[in-house]
Amino acid sequence: KTLSCAGADRLSTGMRGAFGKPYGTAARVKIGQVLISIRTKEEKVQIAAEALRRAKFKFAGRQKVHVSNKFGFTRFGKDDYKKWQERGRLIPDGI
C-alpha cells in the first residue's frame with residue numbers, strides 16, 4: 001500500500017491481484033433453465049412469489065417468476081394428483 005505523488009488522497013494497492021486469481025464463482029446457465037424451485041403450501045404462494053421476485057434482482061439478466069400448476073415437484077396437476085391419491089394409484093418413489 002502506497003501513498004505517493006502530490007495530493008495523494010487515495011490508497012493504492014499496486015499490483016495486488018494482477019496475476020488473475022478468481023474473485024468469485026459463476027454458473028453457466030442456458031436460456032429457459034430453471035434457477036430456483038420452491039415448494040410451498042397453497043396459502044403461502046404469494047409470499048414465495050414475492051421472495052423470488054426480490055431475489056431475481058441479485059442475478060444478472062432477465063428472470064421471470066413462474067407459478068406452476070403441478071403438485072409439488074411431481075408431473076401431475078394439483079387436481080389430478082388428488083384424484084390419483086384417492087384412488088390409490090400413486091406409487092411413492094422418493095423420500
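For clarity, every value in this text was computed on a predicted model and none was experimentally measured.

Novice: What am I meant to see in the overall build of the chain here?
Specialist: Across its full length, the chain carries 2 helices and 0 strands. The long-range fraction of contacts in the chain, counting pairs at least 24 apart against all pairs at least 6 apart in sequence, stands at 17%. Entry remark: accessible area of the chain is about 9,700 Å², with carbon and sulfur atoms responsible for 54%.

Novice: I would appreciate a short explanation of the pattern of salt bridges in the present structure.
Specialist: A pair can form between side chains of opposite charge whenever their charged atoms are brought close. According to the stated counting rule, one finds 4 salt bridges in the structure shown. Put simply, K78 and E42 hold a salt bridge, and the shortest N to O gap is 3.5 Å. With K78 in helix α2 (residues 78-86) and E42 in the segment before α1 (45-55), this residue pair connects regions lying 36 residues apart in the sequence. When the shortest N-O distance is used, the salt bridge between K83 and D80 registers 3.9 Å. A residue pair is termed a helical-turn pair when its members lie 3 or 4 positions apart in one helix, as K83 and D80 do in helix α2 at 3 residues. Owing to a relative accessible area of 33%, K83 belongs among the partly exposed residues under this scheme. By sharing partners, the salt bridges in this structure join E50, R53 and R54 into a single network.

What counts and how
Residues numbered from 1 in each chain as written. Predicted model: local features only at pLDDT ≥ 70, side-chain atom pairs only at ≥ 80, totals over all residues. Heavy atoms only, no water. Helix = DSSP H or I, 4+ residues; strand = E, 2+ residues; numbered from the N terminus. Contact = heavy atoms within 4.5 Å. Areas by Shrake-Rupley, 256 points an atom, 1.4 Å probe, with all protein chains shown as cover. Salt bridge = Lys/Arg side-chain N within 4 Å of Asp/Glu carboxyl O. Buried < 20%, exposed > 50% of the residue type's maximum accessible area, 1.4 Å probe, protein only.

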